[in-house]
Each structure stands twice: as C-alpha cells, then as structure tokens.
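Close look at the chain arrangement
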Amino acid sequence: DPVVSPAIVATSETGTQVTYAIQLYSFKEQSRADAMAGKLKDGGVPAYVQMSDLGDKGVWYRVRTGSFPSSELAQAALAVIRKEHKDSIVVKEKK
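Just so it is clear, the model here is predicted, and its values are computed rather than measured.

1. A word on the overall build of the protein
Counting secondary structure elements, the protein contains two helices and five strands. The helix and strand sequence of the protein, counted from the amino end, reads β-β-α-β-β-α-β. For the protein, the proportion of its 95 residues judged to be buried stands at 32%. Sequence separation of at least 24 residues holds for 59% of the intrachain contacts in the protein that already meet a minimum separation of 6.

Here's what the structure looks like:
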C-alpha cells in the first residue's frame, strides 16, 4: 500500500521546498523543549523540536507540529490547536 505524505511546495525562484508547521512553544533550554515535545506526544500531538540559532539572541529550541503544504491548511489546523495552545503560530519551514 502507498504511504501518504504531505505535499511539498517548491518555489520557482529558489527551488527551495517550503512547508508550514505550527509552533507551540519556544525555549532557550533544549531539555525544556524536549520535555514539552514528549508531553505533547503522550497526549497524541506529533510534536518535534527544531533548533534555531538567532545569532546575538542565542540558540532557541522550538516545539512544533505538522507539515502542511499551504498556509491555508496550516491556519485551519491552528484554529483547532489554539483551543488548547493559545499562543501557537504558523511558521514557514524551508528544506
């Protein structure tokens, strides 16, 4: 049986693959991000941690979920997620 995977959008200008995710939390400490991702996974949310180096602001660890082919689909999922995680946002990921 074929495995369903999310569509990936490639911009014509750069050829970079773009997907959208929902960011639920952001921590300076990786241990806190890992703990929160684990708690979310235990609750049925397929969360993962994304490291972001912000230069002078340091390294932050973002707790995210999802991989959506369009902003519209991510926004629809965000409406549901915000019922429990009110500060969540949609972010663009380049691969």
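2. Examining the environment of Leu 40
With respect to the element layout, Leu 40 can be found in helix α1 (residues 30-42). Separated by 25 residues in the primary sequence, Leu 40 and Thr 65 have C-alpha atoms spaced 9.5 Å apart.

3. Points about the nonpolar core
In terms of nonpolar packing, the biggest core is built from 17 residues, with Ile 22, Leu 40, Val 63 and Phe 68 touching the most fellow members. Those elements that provide at least two residues to this core are β2 (17-27), α1, β4 (59-68) and α2 (71-81). Leave out the neighbours within four places in its chain, and Leu 40 touches Leu 24, Tyr 25, Val 45, Ala 47, Val 63 and His 85.

4. Remarks on the layout of surface pockets
Of the pockets and cavities examined, the largest pocket occupies roughly 230 Å³. Every residue along the wall of the largest pocket is listed here: Leu 24, Tyr 25, Met 36, Lys 39, Leu 40, Gly 43, Val 45, Thr 65, Val 80, Ile 81, Glu 84 and His 85. If you list the elements that add at least two residues to the lining of the largest pocket, you get β2, α1 and α2. A per-element tally of the lining of the largest pocket places α1 first, with three residues. Here the residues of the lining of the largest pocket are counted per class, giving seven nonpolar, three polar and two charged.

5. Brief notes about the environment of Pro 69
Structurally, the position occupied by Pro 69 is in the loop between β4 and α2. Placed 48 residues apart in sequence, Pro 69 and Ala 21 show a C-alpha to C-alpha distance of 9.2 Å.

Analysis parameters
- Residues numbered from 1 in each chain as written.
- Predicted model: local features only at pLDDT ≥ 70, side-chain atom pairs only at ≥ 80, totals over all residues.
- Heavy atoms only, no water.
- Helix = DSSP H or I, 4+ residues; strand = E, 2+ residues; numbered from the N terminus.
- Buried < 20%, exposed > 50% of the residue type's maximum accessible area, 1.4 Å probe, protein only.
- Contact = heavy atoms within 4.5 Å.
- Core = buried A, V, L, I, M, F, W, Y, C linked by side-chain atoms within 4.5 Å.
- 1 Å grid on protein atoms, 1.4 Å probe; cavity = no way out; pocket = protein on both sides within 12 Å on 5 of 7 lines; lining within 4 Å.
- Points joined across faces, edges and corners; volume = space filled by probe spheres on them.
- Nonpolar A, V, L, I, M, F, W, Y, C, P; charged D, E, K, R; others polar.

Note that every value here comes from positions in space, so none of it alone points to a role or purpose.
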